[in-house]
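# Secondary and tertiary structure notes
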Amino acid sequence: MTTKPLAGLRVLELARVLAGPWSGQLLADLGADVVKVERAGVGDDTREWGPPFVEDRQGGYHGSAYYHSTNRGKRSIALDFNSAADQETIRRFAAHADVVIENFKVGGLVKYGLDYPSLKKVNPRLVYCSITGFGQTGPYAPRPGYDFIIQGMGGIMSLTGAPDGEPQKIGVAYADIFTGVYATVGILAALRHRDATGEGAHVDMALLDTQVALLQTHSMNHLIAGTEPKRMGNAHANLVPYQVVPVSDGHIILATGNDGQYRRTCEVLGVAELADDPRFIDNEQRVINRDALMALLIARTRTFAKADLIERLEAAGVPVGPINTVPEVFRDPQVVARGMRIDLPAPLTEAGVLPGVRQPIVINGEHLYGGHASPALGEHQDDVLNDPNWGAKA
């Protein structure tokens, strides 16, 4: 496509760290002009979250890898939120913006006159997205929100890890990232409403809300059956066999989703008789008799080498896969073929380019991502201040 879907959309990002910037990056990837307003002299906290850091041409650093994971395609301007003149500049930007994204504590922007009621007065069509740990209402609303704490409070850590081990967080900032994705959906929905009615909106996003929503089948198992889901390691609460299994040289993932796949698994493993065993005849019985079945299957999987068993199960139409390290992921032929790694121009860096990972949306065969790497602090100060699209006088 010659024009990206969100070309012409103006987004003012008053956010830092991850959830808000993740939403801003996704909107930038889809074509929006995202102006990131950072605190003068300080910038987004994550610029210093390293090592590793990206080297610049002067022998210093051009931000951390963490920062560059979530700020692609934006323009950066540095302002002092305590300055009346800079507050007025932000209000001017907001008057010409379609979207504001902020992740200050609840009420944190009121003293600057940059909260939603204040900016709604200067731009009634504005879609204003607030991202906090606990939302704009409720007894926890004033608390700061951290992904790790939210994973604990929101139930996912009680479901993650070995049954006899300690609760585990997920290996990425799960609640932050998904809140950024859901925030983008909410923003686009509010824009659709605005286009139909002329009215802007306040999108209230909470990390805890997101984490609770993501409990998926575990929440429904509890709400319908009254059960308390427990940690099951790599097993599935509702399907068997659906877990990591050992092989002679490591582990693989076996993920059967129906009786036919289970039957073919038994045939490949040389225990075809288990397919007709009354204890394992259907998924309900396999869930009930999980331990007995898995002991029998694992005794067989241990006799196969990883590559051999994956090849045999794939040939039989059984869902199976390896457990890749991150380097192995980026060498995987499918990941390479899909172009998940990208290299963007970054003239301020020593290398002149910056690697990254594209977001996973492909429209009409085109991979959509921002056209330049994450900005230096205040890199686009003059460009934005003098941009008529953001209210500069001609």
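Structure shown above.
Throughout what follows, the structure given in this document is the object of discussion. Just so you know, these numbers come straight off a predicted model, no measurement behind them.

## A few points about the overall build of the chain
On a plain count of helices and strands, the chain comes out with 15 helices and 15 strands. If you line up the chain on its principal axes, its C-alpha atoms span 80 × 50 × 40 Å. Relative to its full complement of 394 residues, the chain shows a buried share of 44%. Relative to all contacts within the chain whose residues are 6 or more apart in sequence, the contacts with residues 24 or more apart total 68%.

## A look at the sheet that holds strand β6 (residues 99–102)
Sheets are built from strands paired through backbone hydrogen bonds, the pairs being either parallel or antiparallel. Pairing is parallel across the open sheet formed by six strands, whose spatial order is β5-β2-β1-β6-β7-β8. Every other strand in the sheet has two partners, leaving β5 (75–79) and β8 (201–206) as the edge strands with one partner each. Averaged over all pairs of adjacent strands, the angle between strand axes in this sheet comes to 20°, irrespective of strand direction. Examined bridge by bridge, strand β1 (residues 10–14) and β6 share four bridges and lie parallel to one another. Looking at β6, one finds that L14 is bridged to E102.

## Details of helix α9 (residues 259–269)
Every buried residue of α9 is listed here: Q261, Y262, T265, C266, V268 and L269. The buried residues of α9 occupy one face: seen down the axis, they fall within an arc of 165°. For α9, the N-terminal cap is N258; the gap from its side-chain oxygen to the backbone nitrogen of G260 is 3.1 Å. Positive phi appears at G270, one or two residues downstream of α9, with a value of about 80°.

## Digging into helix α1 (residues 19–29)
In terms of burial, α1 is a largely internal element, 10 of the 11 residues being buried. Immediately beyond the C-terminal end of α1, within one or two residues, lies G31, with a positive phi of roughly 115°.

## So, a nonpolar patch on the surface
A cluster of nonpolar side chains, namely Y140, Y146, I149 and M153, defines an oily patch on the protein surface of about 410 Å² accessible area. Secondary-structure assignment places Y140 in the loop between β7 (127–132) and α5 (147–153).

## Focus: the packing of aromatic side chains
Enumeration according to the criterion identifies eight aromatic pairs in this entry. Look at F93 and W390: their rings are 5.8 Å apart centre to centre, the planes differ by 80°, and that puts the pair in the edge-to-face class. One end of the pair, F93, is in helix α3 (residues 84–96); the other, W390, is in the segment after α15 (381–385), with 297 residues separating them in the sequence. As far as burial versus exposure is concerned, F93 and W390 are alike and both buried. Between the aromatic rings of Y174 and F178, the centroid separation amounts to 5.2 Å while the plane-to-plane angle is 65°, which identifies the pairing as edge-to-face. Residue Y174 and its partner F178 are located together in helix α6 (residues 174–197), separated by four residues, close to a single helical turn. One aromatic cluster is present, formed by F81, F104 and Y112 through successive ring pairs. Residue placement shows R143 over the ring face of Y140; its charged tip is 3.9 Å from the ring centre. Positioned over the ring face of Y262 is R286, at 4.2 Å from the centre of the ring.

## Topic: the nonpolar core
Ranked by size, the top nonpolar core spans 29 residues in total, and within it V11, L27, I101, I131 and I187 carry the most contacts. If you list the elements that add at least two residues to this core, you get α1, β6, β7, α6, β8 and α7 (207–213). A per-element tally of this core places α6 first, with five residues. Those residues in contact with I101, other than ones at most four positions away along the chain, are V11, L12, E13, L14, A15, G20, S23, G24, L27, C129, I131 and I187. V247, L293, F304 and L313 belong to the second largest nonpolar core, which has 23 residues in total.

## A short note on the side chain of T210
Its location among the elements puts T210 in helix α7. Beyond its immediate chain neighbours, meaning those up to four positions away, T210 contacts A175, F178, T179, Y182 and M205.

Definitions and cut-offs
Residues numbered from 1 in each chain as written. Predicted model: local features only at pLDDT ≥ 70, side-chain atom pairs only at ≥ 80, totals over all residues. Heavy atoms only, no water. Helix = DSSP H or I, 4+ residues; strand = E, 2+ residues; numbered from the N terminus. Buried < 20%, exposed > 50% of the residue type's maximum accessible area, 1.4 Å probe, protein only. Contact = heavy atoms within 4.5 Å. Pairing = 2+ DSSP bridges. Axes fitted to C-alpha atoms, helices over the stretch in contact; angles between N-to-C directions. Arc of directions from axis to C-beta. Polar contact = N/O pair within 3.5 Å; in protein donor to acceptor, adjacent residues only side chain to side chain. Patch = residues over 30% accessible without salt bridge, like charges linked within 9 Å, V, L, I, M, F, W, Y side chains within 5 Å. Areas by Shrake-Rupley, 256 points an atom, 1.4 Å probe, with all protein chains shown as cover. Salt bridge = Lys/Arg side-chain N within 4 Å of Asp/Glu carboxyl O. Phe/Tyr/Trp six-rings, centres within 6.5 Å; stacked < 30°, edge-to-face > 60°. Lys NZ or Arg CZ within 6 Å of the ring centre and 35° of its normal. Core = buried A, V, L, I, M, F, W, Y, C linked by side-chain atoms within 4.5 Å.

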